[in-house]
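# A structural walkthrough
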Amino acid sequence: MQLSLLASLLYPANAYDLCIKLKERGILAKPTHNATIRLTPPLSISLDEIREGAKAFHDVLECDLPKLVKEKPMETTPKASESCHRCGRDLYGSS
C-alpha cells in the first residue's frame, strides 16, 4: 500500500520524517520520493492491527507533523517544478 501526501503541506518535513515518527509508534514504513510512504502489512493482518496502524498514522499527522513543521528549519523553499531524478514525477504536486 502506498500513501502519497502533498509535499507542500508537509514542508519542511518530508516522508522520511513521518516514517521515523511512525516507527516510534510501532509502525514500519518506507519513504519513497519526498512525500510518499509505502506500507507493507502482512497478508494475515487482523482488523485490530489495521485499527492500530490507522490510529498511529492519524496521531503522526495530527500531533507529530505540526511539531515537525514548526521545529524543522526552512532552508530553502520547494520549487514547484522540481521533479524526481529517478522517475520524473513532480515532487511538489504543482501539476
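Here goes a summary of the coordinates provided. (Residues numbered from 1 in each chain as written. Predicted model: local features only at pLDDT ≥ 70, side-chain atom pairs only at ≥ 80, totals over all residues. Heavy atoms only, no water.)

## Focus: the overall build of the protein chain
Under the convention used in this document: Labels follow the DSSP assignment, with helices taken as runs of H or I lasting at least four residues and strands as runs of E lasting at least two, numbered in each case from the N terminus. Contact criterion: two residues are considered in contact whenever any of their non-hydrogen atoms come within 4.5 Å of each other.
Helices and strands together make up the secondary structure of the protein chain, namely three helices and three strands. The N-to-C order of helical and strand elements in the protein chain reads β-α-α-β-β-α. The contacts of the protein chain with a sequence gap of at least 6 include a subset with a gap of at least 24, amounting to 64%.

## Overview of helix 3 (residues 47–71)
Threshold: Multiplying 1.5 Å by the residue count of a helix minus one yields the expected span of that helix. The term bend refers to the angle at a residue between two fitted axes, each drawn through seven residues, those ending there and those starting there. Throughout, exposure labels follow a simple rule: accessible area from a 1.4 Å probe, protein chains only, divided by the maximum for the residue type, with under 20% read as buried, over 50% as exposed, and the rest as partly exposed.
With 25 residues, helix 3 should reach 36 Å at 1.5 Å per residue; the first-to-last C-alpha distance of 35 Å fits that figure. Largest kink in helix 3: about 40°, centred on Asp 64, with the proline Pro 66 one to four residues after it. Among all positions in helix 3, only Gly 53, Ala 56, Phe 57, Asp 59, Val 60, Asp 64, Leu 65 and Leu 68 are buried.

## So, the side chain of Thr 36
Locating Thr 36 in the fold gives a position in strand 3 (residues 36–38). Setting aside residues up to four positions removed in sequence, Thr 36 forms contacts with Gln 2, Leu 3, Ser 4, Ala 15, Lys 30, Pro 31 and Arg 89.

## Some details on the nonpolar core
Condition: The set of buried Ala, Val, Leu, Ile, Met, Phe, Trp, Tyr and Cys residues whose side-chain atoms join them within 4.5 Å is what this entry labels a nonpolar core.
Residues Leu 10, Leu 18, Leu 22, Ile 27, Ile 37 and Leu 65 are the most contacted members of the largest nonpolar core, which totals 16 residues. At the level of secondary structure, the elements contributing two or more residues to this core comprise helix 1 (7–10), helix 2 (15–24) and helix 3. Per-element tally for this core: the top contributor is helix 3, with five residues. Residues contacting Leu 22, with those up to four places away along its chain left out, are Ile 27, Ala 29, Ile 37, Ala 56, Phe 57 and Val 60.

## So, unusual backbone geometry
In this structure, Pro 12 follows Tyr 11 across a cis peptide bond, with omega equal to 10°. Here Pro 12 lies in the loop between helix 1 and helix 2.

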